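Letter by letter, the chains look like this.
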Amino acid sequence: MGRILHFFRKSIKRRLLFCFVWISILPIVIVGFIPYQKTAEVVKGQVLEYAQITVNQLNENINYHLNEMDLMSRMVYYQVFAAFEKEGGESEIHREDFRQFILALKNNRTFIDEIHVIEGDQYYSTASVLRQELLKSKDWYISSLQNPGEKTWVGPHVNDYSLNEPKTDRVVSLVYPFILPKRSSPAVIIIEMKQDKLDELFQSPALRSLGKVLLIDKYGRILYSSDPSLLPAEHEYSNQYITNTNLLGGLNDEYSFIYDINYFSGWKVAAFIPNVKIEQSFASIRKIVFMLIGIFLVISILLGWGLSDRLIKPLRTLQIDMRQVKKGKFYTRSAIDADDEIGDLSRNFNQMVAEIESLIDKISESERKKKQIEMQSLQYQINPHFLYNTLNSVQWLAKEYKAPEISEMLTALIKLLRASLNTTNYTHMLEEELEVLSYYARIQKYRYDDQVKIIYRIDTDVLAALVPRFVLQPLVENAFFHGLSDNEGRIEISARRKEDLVEIVVEDNGRGIDADKLKTLFSPDVERKHSSGIGIKNVDDKIKHYFGDSYGLSIDSVKGRGTRISIVLPCRLKEGVEELDDTNLGSSLYWVGRGANISFITLPPLREFQRLKQPSRRALDRCFNL
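Residues numbered from 1 in each chain as written. Predicted model: local features only at pLDDT ≥ 70, side-chain atom pairs only at ≥ 80, totals over all residues. Heavy atoms only, no water.

### Brief notes about the overall build of the protein
Part 1: When helices and strands are tallied, the protein shows 20 helices and 19 strands.
Part 2: Looking at the protein as a whole, 41% of its 626 residues are labelled buried.
Part 3: Residue pairs at least 24 apart in sequence account for 65% of intrachain contacts in the protein once pairs closer than 6 positions are excluded.
Part 4: Just so you have it, the protein exposes about 36,500 Å², and 54% of that area is on carbon and sulfur atoms. (Helix = DSSP H or I, 4+ residues; strand = E, 2+ residues; numbered from the N terminus. Buried < 20%, exposed > 50% of the residue type's maximum accessible area, 1.4 Å probe, protein only. Contact = heavy atoms within 4.5 Å. Areas by Shrake-Rupley, 256 points an atom, 1.4 Å probe, with all protein chains shown as cover.)

This is how it looks when you write it as structure tokens:
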């Protein structure tokens, strides 16, 4: 199956041919099959109806002969009963007169073989010899005596208990036991019909054309069949049932079963009609239908091949052009000029290749300009480095003239400038970002004269998380210049991990932001750049650029109560750095500097935290340089 699917997937022409053939042949098959199926059902119904009529006629013929046998039994019964009642039940039947009577009955009906009347030890028979002992030992005879007054029909059986000329080997018998007046044992009338008559009825031409015809008694035993192989052996007679044959098992597949009930005997006249014979009656119709389907199939394949080849030829031409472009020959253009979808595809292809060629030229020009800008940028780095070296000289002079505040402020400024000049990496660990922020906080300490307090709440397991460079400093700067009232207040910076995310919060208790201004704060039209050169909008854009649109800033502010800025980042740890053990360092670091209203933290390298097992207050003070 997989190879067949692969065969069709490799070629549109094959799929088109397959679809065209199916679309063409499917209506033909449906239109041809449905009438054929309906015709077959009608013909089958007519055949079965004819077979049912034939079986019913056979049953009527059998019924006629059984009715004659029943009539004869009643005539004999009345004759015997009348003779016994003539003298009050004590008279004997005149043997010779009675025999002449039953002989006359027999001779009037040629299908009758013998008539027997048994009364005690005496018997009257049309046969020359009747072996009573052998007759009375038969199972069917013994069984019939158990129900006096009821007539029992015995199917074809061997007649070995009477002798006459000509000899009849097999007969069908009617056994009628009845009780005579003042007699304890029943008298029995037996009317026998020659099986030859049954053979004659079953061998008619109409029945031979049906198939297997059977005579079944009320217990389901096979009494007679036109197929000798279904007849049981004489000693197996009592155990041979129609349900034990292989015929009923194959009814649905091989045979159709019809029957009619003979109400005289309770027997069933049944026929097993081979389905093959039924199908032969409409075989010519089937042959014509399949022949037409074959012809239309061949025509569909030829037409489908021609049409699919006509449709695929322009696509193959376009495919060759695409392979040329794949090799880098962007000057290639498709020459297909048609008004259909393939022509539109060709024009779009030419336009796309032209745009690609133009983009390649633009990219080449952009790369050339980029290299030129890099050279200029390298040249421009001379000025910042000159400023950096100059600040180092001023710091040295401050130490020389013993001005520690100026020296400390310059030291923080130099470190902040050094961090800004490092442009090799666009991200670094949160630990390093907090260290850069501490330099800025140290500079603001001298400007605001210890009126602003900065509090840090940092979970240790996010110190190694990667963040974009300079994302916290612009937010803290915004709080200093636009959030705090009267240049005093509190700024709280917290960081924690939420499953696969890192949340960093910068919160102040300042003036807050108007609701109208808050809605347009991320608009580039109203965004203002501060001294750091990076605004809130720039920080949000930077985060989305590095990590995706699912991350960035969110601002909550209440007028007069302060502002809360949340940063959501993916939790990505720097390679080669393991997460800290919270059981040793605690769940978070929280510290406010002693002896000053403004507090800042100079975070040490992460390995300093990793060396600490159960740090004391003094160890943490030394680690944070407070």
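After that view of the structure, there is still more to cover.
### Observations regarding the pairing of strand 9 (residues 222–225)
Part 1: Pairing of strand 8 (residues 212–216) with strand 9 involves three bridges; the strand directions are antiparallel. Counterpart to Ile216 in the pairing with strand 9 is Ile222.
Part 2: In this structure, the hairpin formed by strand 8 and strand 9 is closed by a connection of five residues, where Gly220 is found at a positive phi of approximately 90 degrees. (Pairing = 2+ DSSP bridges.)

### With respect to helix 14 (residues 430–447)
Part 1: For helix 14, built from 18 residues, the straight-helix expectation of 26 Å at 1.5 Å per residue is met to within 8% by its first-to-last C-alpha distance of 26 Å.
Part 2: With 14 of its 18 residues buried, helix 14 lies for the most part within the structure.
Part 3: Of the residues one or two after helix 14, Asp449 is the one with positive phi, at around 55 degrees. (Expected span 1.5 Å × (residues − 1).)

### Here's the deal with the sheet that holds strand 1 (residues 112–119)
Part 1: Taken together, five strands build an open sheet; the order of strands is 2-1-7-6-4 and the sheet is antiparallel. Among the strands making up the open sheet, the edge pair consists of strand 2 (122–125) and strand 4 (152–158). Sheet twist, expressed as the mean angle between neighbouring strand axes with direction ignored, is 20 degrees.
Part 2: Relative to strand 7 (residues 187–194), strand 6 (residues 170–178) runs antiparallel, the two sharing eight bridges. Directly across from Phe178, in strand 7, lies its bridge partner Ala187. (Axes fitted to C-alpha atoms, helices over the stretch in contact; angles between N-to-C directions.)

### Some remarks on the confidence of the model for the protein
Fine structural detail should not be taken from predicted coordinates in areas where pLDDT scores are low.
Part 1: When pLDDT is averaged along the protein, the result is 77; 79% of the residues meet or exceed 70.
Part 2: Long-range and interchain partners of residues 235–241, a stretch whose pLDDT sits below 50, account for 15 contacts in this model, where long-range means more than four residues apart.
Part 3: Segment residues 580–626: pLDDT under 50, and 97 contacts once partners within four positions in sequence are set aside and those in other chains are kept. (pLDDT = per-residue confidence, 0-100.)

### Things to note about the packing of aromatic side chains
Part 1: Evaluation of the coordinates by the stated rule reveals 13 aromatic pairs.
Part 2: Seen in terms of ring centroids, Trp140 and Tyr161 are 6.1 Å apart; in terms of plane orientation they differ by 55 degrees. Their pairing is tilted. Remark: Tyr161 occurs in the loop between strand 4 and strand 5 (162–163) and Trp140 occurs in helix 5 (residues 139–145); sequence separation between them is 21 residues.
Part 3: The exposure class of Trp140 is buried, given its relative accessible area of 16%. (Phe/Tyr/Trp six-rings, centres within 6.5 Å; stacked < 30°, edge-to-face > 60°.)

### Focus: the environment of Gly45
Part 1: The topology assignment puts Gly45 in helix 2 (residues 12–86).
Part 2: Linking Gly45 and Ile278, residues 233 residues apart in sequence, is a C-alpha distance of 9.4 Å.

### Some remarks on the pattern of salt bridges
Part 1: In total, this model carries 16 salt bridges according to the counting rule given.
Part 2: Arg109 is the partner of Glu68 in a salt bridge, and the nearest nitrogen-oxygen pair spans 2.6 Å. Taken together, the positions of Glu68 in helix 2 and Arg109 in the loop between helix 3 (95–108) and strand 1 put the pair 41 residues apart, joining distant regions of the chain.
Part 3: Look at Arg109 and you get buried, because its relative accessible area is 16%.
Part 4: Among the ionic pairs, Glu503 bridges to Lys498, the shortest N-O distance being 3.2 Å.
Part 5: Taking relative accessible area as the criterion, Glu503 reaches 12% and is therefore assigned buried. (Salt bridge = Lys/Arg side-chain N within 4 Å of Asp/Glu carboxyl O.)

### Some thoughts on helix 3
At 3.6 residues per turn, the α-helix brings residues three or four places apart onto the same side.
Part 1: If you check helix 3, its first and last C-alpha atoms are 20 Å apart, about what 14 residues at 1.5 Å a residue would give, namely 20 Å.
Part 2: The complete set of buried residues in helix 3 reads Phe98, Ile102, Leu103, Leu105 and Lys106. Taken end-on, helix 3 shows its buried residues confined to a sector of 155 degrees, consistent with a single buried face. Among the exposed residues of helix 3, those oriented more than 90 degrees off its buried face are Asn107 and Asn108. (Arc of directions from axis to C-beta.)

### Some thoughts on the nonpolar core
Part 1: Grouped together as the largest cluster of nonpolar side chains are 46 residues, with contacts concentrated most on Leu430, Leu472, Phe480, Ile491 and Ile504.
Part 2: The element that contributes the greatest number of residues to this core is helix 14, accounting for eight residues.
Part 3: When neighbours within four sequence positions are excluded, Phe480 is seen to be in contact with Tyr440, Gln444, Tyr448, Val452, Ile454 and Ile491.
Part 4: Of all hydrophobic cores here, the second largest spans 44 residues; its members include Phe98, Trp153, Ala271 and Ile273. (Core = buried A, V, L, I, M, F, W, Y, C linked by side-chain atoms within 4.5 Å.)

### As for unusual backbone geometry
Part 1: Residue Pro166 follows Glu165 across a cis peptide bond; omega there is -5 degrees.
Part 2: Relative to the helices and strands, Pro166 is located in the loop between strand 5 and strand 6.
Part 3: Look at Glu499: it is not a glycine, yet its phi comes out positive at around 55 degrees.
Part 4: When you line up the elements, Glu499 lands in the loop between strand 15 (489–498) and strand 16 (501–508).
Part 5: Take Glu499: its relative accessible area is 72%, and that puts it in the exposed class.

### Remarks on a negative patch on the surface
Part 1: A cluster of acidic residues, Asp339, Asp340, Glu341 and Asp344, forms a negative patch at the surface.
Part 2: Judged by its relative accessible area of 39%, Asp344 is partly exposed. (Patch = residues over 30% accessible without salt bridge, like charges linked within 9 Å, V, L, I, M, F, W, Y side chains within 5 Å. Lys, Arg positive; Asp, Glu negative; His and termini not counted. Charge placed at Lys NZ, Arg CZ, Asp CG, Glu CD.)

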